[in-house]
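# Analysis of the macromolecular model
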Amino acid sequence: MSVGRFAPSTTGPAHPGTLLAALLCWLDARARGGRVWLRLEDLDPQRCRPEHAEAMRRDLSWLGLEWDGEQLQSTLRARHEAALDRLAEGGALYPCTCSRREIRSAGLRAPDGGYRYRNTCRGRALPPGGWRETGAPLRARLDEGRVEVRGEEGDDLSGDSAASFGDPVVRRRDGAMAYHLASVVDDDDLGVTRVVRGRDLAASTALQVALRRLLGLAEPVHRHHLLLLEEHGGKLAKLHGAVSLDALRPHYDAEALVGWLARACGLDAPSRVAPEELVAGFDWSCVAREDRLVRWQGGELLLVASNEQEVRP
Ligand code: GLU
Ligand code: ZN
């Protein structure tokens, strides 16, 4: 049985990129007769709000997507802590006393655009009472060397994450569990066999696989899909902010939006369609590989072709 999950962070309202990711993840599961869960990633106390989680549920259901179940990440703390216990038992958990400024001032970049950590504190021991006795951020010591990972399309996701990212923080300074740790533990809890998500997360897949290996967790198949981008300050950024679903709703009903999303990613779909109607014909070979540039203008989502012409999908 194939098991997938859609795992949005509950840091703000859904936008077209979120909805495209949800639709593709859902279609991937349904087209193979598999299960798919909604995992609400609400661990970051600075950025996540319960009302965003509620809005995410509502918005996805408005779009016509239903899930086989829900994981609310903040309720799974005990499992995350058990994973830290396992890392500690294996001697792979250590406190890090480096400040964010120190790490940044080394000026080394990681593949995901963040700062590389040089594993400076690897030699530090946990307090005698164990990791619960320290408020310092905790890191997991990854095995050295290159981890070979292929995506489902044969794309090379390999990397030496211990070197290129540095050991990941698994429990943050504010006490919150960190994304990579929670993500792999919660996938394992669900028995996830397929991780389908945006290409912005491809760069950290090797790190997650390294973490899975350290914890002895199964490795799912990975598939990364196109993103919707917008121009932002002269650069391309993930389509966000201005185009929340609340801004779209006066102009698009659910079927019109699903039709727009399906066509924007290259599927041969009518302009108005329900997600179910796309299941039978869904095939990744019909999904565009290139990211799509989108402009929100006059109450309309426009795809911007590379020659700068606006087109309606
Ligand atoms: N919560 C992450 C995000 O919204 C995605 C996590 C994942 O799919 O692994 O970017
Ligand atoms: Zn450190």
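Just above sits the structure.
These lines cover the structure that appears in this document, whether it is placed above or below. The structure presented is a predicted model; accordingly, all values stated were derived computationally and were not measured.

### Some points on the overall build of the chain
- Check the secondary structure of the chain and you find 10 helices and 13 strands.
- By the compact-globule yardstick of 20 Å for 313 residues, the chain fits well, its C-alpha radius of gyration being 20 Å.
- Along the first, second and third principal axes, the C-alpha set of the chain runs to 60 × 45 × 40 Å.
- When burial is assessed residue by residue, the chain has 51% of its 313 residues classed as buried.
- Look at the contacts in the chain between residues 6 or more apart in sequence, and 73% of them connect residues 24 or more apart.
- As displayed, the chain has an accessible area near 14,200 Å², and 48% of this comes from carbon and sulfur atoms.
- One way to put it: in the chain the 43 positive side-chain charges average out to a point 5 Å from where the 46 negative ones average out.

### Things to note about the site of ligand 1
- Residues in contact with ligand 1, as listed here, are Arg5, Ala7, Pro8, Ser9, Glu41, Tyr179, Ser183, Arg197 and Leu201.
- In the model, a nitrogen atom of ligand 1 is placed 2.9 Å from a nitrogen or oxygen of the Ser9 side chain.
- Within the side chain of Tyr179, an N or O atom sits 2.8 Å from an oxygen atom of ligand 1.
- Burial of ligand 1 by the surrounding chains reaches 81%, relative to a free accessible area of 290 Å².
- Within the shell around ligand 1, the residues separate by chemical class into four nonpolar, two polar and three charged.

### Thoughts on a positive patch on the surface
- A surface patch of positive charge is lined by Arg100, Arg101, Arg104 and Arg173.
- For Arg173, the location among the structural elements is in the loop between strand S6 (169–171) and helix H6 (179–190).
- Classification of Arg173 by relative accessible area gives partly exposed; the value is 45%.

### Side note on the environment of Gln71
- Its location among the elements puts Gln71 in strand S3 (residues 70–72).
- Sequence separation between Gln71 and Glu41 is 30 residues; the distance between their C-alpha atoms is 8.4 Å.

### Re the coordination of the zinc ion (ligand 2)
- Listed as protein donors to the zinc ion (ligand 2) are Cys96 (SG), Cys98 (SG), Tyr117 (OH) and Cys121 (SG); their distances from the metal cover 2.1 to 2.3 Å.
- Viewed at the metal, the four donor atoms of the zinc ion (ligand 2) are separated by angles of 100 to 123°, and the geometry they form is tetrahedral.

### Focus on the nonpolar core
- One finds Leu60, Trp67, Leu257, Trp260 and Leu261 to be the most contacted residues of the largest nonpolar core, which totals 49 residues.
- Counting only elements with at least two residues in this core, the list comes to helix H1 (16–31), strand S2 (35–40), helix H2 (50–63), helix H8 (245–248), helix H9 (254–264), helix H10 (275–279) and strand S12 (300–304).
- Sort the elements by how many residues they give to this core and H1 lands first, with 10 residues.
- Residues Ala140, Val147, Val185 and Leu211 belong to the second largest nonpolar core, which totals 30 residues.

### With respect to the packing of aromatic side chains
- According to the stated counting rule, one finds two aromatic pairs in the structure shown.
- With centroids separated by 5.2 Å and ring planes inclined at 75°, the aromatic side chains of Phe282 and Trp284 adopt a geometry described as edge-to-face.
- Positioned above the aromatic ring of Tyr115 is the side chain of Arg109, whose terminal nitrogen or guanidinium carbon lies 4.1 Å from the ring centre.
- The ring centre of Tyr117 lies 3.4 Å from the NZ or CZ of Arg139, which sits over that ring.

### Some points on the pairing of S2
- Pairing analysis gives four bridges linking strand S1 (residues 3–6) to S2, with the strands arranged parallel. Pairing of Gly4 across the sheet is with Val36, part of S2.
- Bridge analysis of S2 against S3 gives three bridges, and the strand direction is parallel. Counterpart to Leu40 in the pairing with S3 is Leu72.
- Handedness of the crossover is the feature at issue here: the chain leaves S2, passes through H2, returns alongside S3, and the resulting connection is right-handed.

### Quick look at the environment of Thr10
- As for its placement among the helices and strands, Thr10 is situated in the loop between S1 and H1.
- You can call Thr10 buried: its relative accessible area is 0%.
- Taking C-alpha positions, Thr10 is 34 Å from Arg124, a pair spaced 114 residues apart along the chain.

### Considerations on the environment of Trp62
- Relative to the helices and strands, Trp62 is located in helix H2.
- Accessibility expressed as a relative area gives 26% for Trp62, which makes it partly exposed.
- Note: C-alpha distance between Trp62 and Ala254 (192 residues apart in sequence) is 6.6 Å.
- Non-local contacts of Trp62, meaning those with residues more than four positions away in its chain, are made with Leu245, Arg249, Tyr252, Asp253, Ala254 and Leu257.

### Things to note about the packing of helix H3 (residues 77–89) against H6
- The interhelical angle for the contact between H3 and H6, taken along N-to-C directions, is 110°, at an axis separation of 10 Å. What the angle tells us is that H3 and H6 run roughly perpendicular. Residues Arg79, His80, Ala83, Leu84 and Leu87 of H3 form the contact with H6, whose own contacting residues are Leu181, Ala182, Val185, Asp186 and Asp189.
- Of the residues in the contact of H3 with H6, the class split is six nonpolar, one polar and three charged.

Scoring rules and cut-offs
- Residues numbered from 1 in each chain as written.
- Chains lettered and ligands numbered in written order.
- Predicted model: local features only at pLDDT ≥ 70, side-chain atom pairs only at ≥ 80, totals over all residues.
- Heavy atoms only, no water.
- Helix = DSSP H or I, 4+ residues; strand = E, 2+ residues; numbered from the N terminus.
- Rg over C-alpha atoms; globule rule 2.2 N^0.38 Å.
- Buried < 20%, exposed > 50% of the residue type's maximum accessible area, 1.4 Å probe, protein only.
- Contact = heavy atoms within 4.5 Å.
- Areas by Shrake-Rupley, 256 points an atom, 1.4 Å probe, with all protein chains shown as cover.
- Lys, Arg positive; Asp, Glu negative; His and termini not counted.
- Charge placed at Lys NZ, Arg CZ, Asp CG, Glu CD.
- Near = heavy atom within 4 Å.
- Polar contact = N/O pair within 3.5 Å; in protein donor to acceptor, adjacent residues only side chain to side chain.
- Nonpolar A, V, L, I, M, F, W, Y, C, P; charged D, E, K, R; others polar.
- Patch = residues over 30% accessible without salt bridge, like charges linked within 9 Å, V, L, I, M, F, W, Y side chains within 5 Å.
- Salt bridge = Lys/Arg side-chain N within 4 Å of Asp/Glu carboxyl O.
- Donors = N, O, S within 2.8 Å, 3.2 Å for Na, K, Ca; no water.
- Tetrahedral: all angles 85-135°; square planar, octahedral: opposite > 155°, others 65-115°.
- Core = buried A, V, L, I, M, F, W, Y, C linked by side-chain atoms within 4.5 Å.
- Phe/Tyr/Trp six-rings, centres within 6.5 Å; stacked < 30°, edge-to-face > 60°.
- Lys NZ or Arg CZ within 6 Å of the ring centre and 35° of its normal.
- Pairing = 2+ DSSP bridges.
- Right-handed = clockwise from strand over helix to strand, strands pointing away.
- Axes fitted to C-alpha atoms, helices over the stretch in contact; angles between N-to-C directions.
- Parallel < 35°, antiparallel > 145°, perpendicular 65-115°, else oblique.

Coordinates in, geometry out; function isn't part of it.
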